[in-house]
Amino acid sequence: MSGRWFEELQPGETIHHAVRRTATETDNVIFTAMTMNPAPMHLDAHYAGRSEFGQPLVNSMFTVALVVGISVYELTLGTIVAQLGLSDVEFPKPVFCGDTIHVESEVVRARPSRSRPDAGLVTFEHRAFNQRNELVCRVRRVGLMLRRPVGGSA
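Residues numbered from 1 in each chain as written. Predicted model: local features only at pLDDT ≥ 70, side-chain atom pairs only at ≥ 80, totals over all residues. Heavy atoms only, no water.

(A) Highlighting the pattern of salt bridges. Per the counting criterion, the structure on display carries eleven salt bridges. Taking the shortest distance from any N to any O, the salt bridge between Glu125 and Arg140 comes out at 3.1 Å. Taken together, the residues Glu125 in strand E5 (residues 119-129) and Arg140 in strand E6 (residues 135-146) connect sequence positions 15 residues apart. Residues Glu134 and Arg132 are paired through a salt bridge, measuring 3.3 Å at the closest nitrogen-oxygen approach. Residues joined in a network through salt bridges with shared partners are Glu104, Glu106, Glu125, Arg127 and Arg140. (Salt bridge = Lys/Arg side-chain N within 4 Å of Asp/Glu carboxyl O. Helix = DSSP H or I, 4+ residues; strand = E, 2+ residues; numbered from the N terminus.)

Here it is as structure tokens:
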């Protein structure tokens, strides 16, 4: 367990995640195929080469999954009950195969759960940047986070 308890997540705090990950062609092709997305911008290098981008785009659903995944170890591993929603998803710049993604997460809001005394709701804003420090993804995520167990440091 390396995630943070509800009480440790203070609005306004920004966490710069240590893990970085390079998006590969294999990631893009496998993810796109697994999700049944036939878009040639992800799968057809010839087609994508003639686009304004000049190369295939990394599937944006892979990008958002990667962004959330990078945040897990330092925020929610072992301390989240459930992810309750994603919103305000934006992709200001494209991600290409070979781009290395790094992520920061801001705690936007935190409030105790009305129905679960052992948990609270936390809204995170995850922001992802490529190796040129260009913002490539922004997403808000709400998690139902466990409170620190009474009398323990579990």
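There is more to say, and it comes next.
(B) Region of the structure containing a nonpolar patch on the surface. A surface patch of nonpolar side chains, about 330 Å² in accessible area, is lined by Met61, Leu86, Val89 and Phe91. Looking at the secondary structure, you find Val89 in strand E3 (residues 80-90). Overall, Val89 belongs to the partly exposed group, its relative accessible area being 39%. (Patch = residues over 30% accessible without salt bridge, like charges linked within 9 Å, V, L, I, M, F, W, Y side chains within 5 Å. Areas by Shrake-Rupley, 256 points an atom, 1.4 Å probe, with all protein chains shown as cover. Buried < 20%, exposed > 50% of the residue type's maximum accessible area, 1.4 Å probe, protein only.)

(C) View of the nonpolar core. Within the largest apolar cluster, 15 residues are counted, with the highest numbers of intra-cluster contacts made by Ile101 and Ala128. Breaking this core down by element, the ones donating at least two residues are helix H4 (60-75), strand E4 (100-112) and E6. Ranked by the residues each element gives to this core, the list is headed by H4, at five residues. With residues up to four places along the chain from it excluded, the contact list for Ala128 reads Val67, Ile101, His102, Val103, Glu134, Leu135, Val136 and Cys137. Ranked by size, the runner-up nonpolar core spans eight residues in total, among them Phe6, Leu9, Leu75 and Val107. (Core = buried A, V, L, I, M, F, W, Y, C linked by side-chain atoms within 4.5 Å. Contact = heavy atoms within 4.5 Å.)

(D) Representation of the packing of aromatic side chains in the model. Applying the stated rule across the entire model yields two aromatic pairs. When the centroid spacing of 5.6 Å and the interplanar angle of 70° are considered together, the rings of Phe31 and Phe62 count as edge-to-face. Here Phe31 is found in helix H1 (residues 25-34), whereas its partner Phe62 is found in helix H4, with 31 residues between them in sequence. Residue classification places Phe31 among the buried positions, given a relative accessible area of 18%. You can call Phe62 buried: its relative accessible area is 11%. A ring pair is formed by Phe53 and Phe96, whose centres lie 6.4 Å apart and whose planes are at 55°; its orientation type is tilted. A residue pair is termed long-range when its members are at least 10 positions apart, and Phe53 in the loop between helix H3 (45-49) and H4 and Phe96 in the loop between E3 and E4 qualify at 43 residues. You can call Phe53 partly exposed: its relative accessible area is 32%. Judged by relative accessible area, Phe96 falls into the buried class, the value being 13%. (Phe/Tyr/Trp six-rings, centres within 6.5 Å; stacked < 30°, edge-to-face > 60°.)

(E) Seen up close, the environment of Pro94. In this fold, Pro94 is placed in the loop between E3 and E4. Separated by 42 residues in the primary sequence, Pro94 and Val136 have C-alpha atoms spaced 6.1 Å apart. When sequence neighbours within four positions are dropped, the list of residues in contact with Pro94 reads Phe53, Leu57, Asp99 and Val136.

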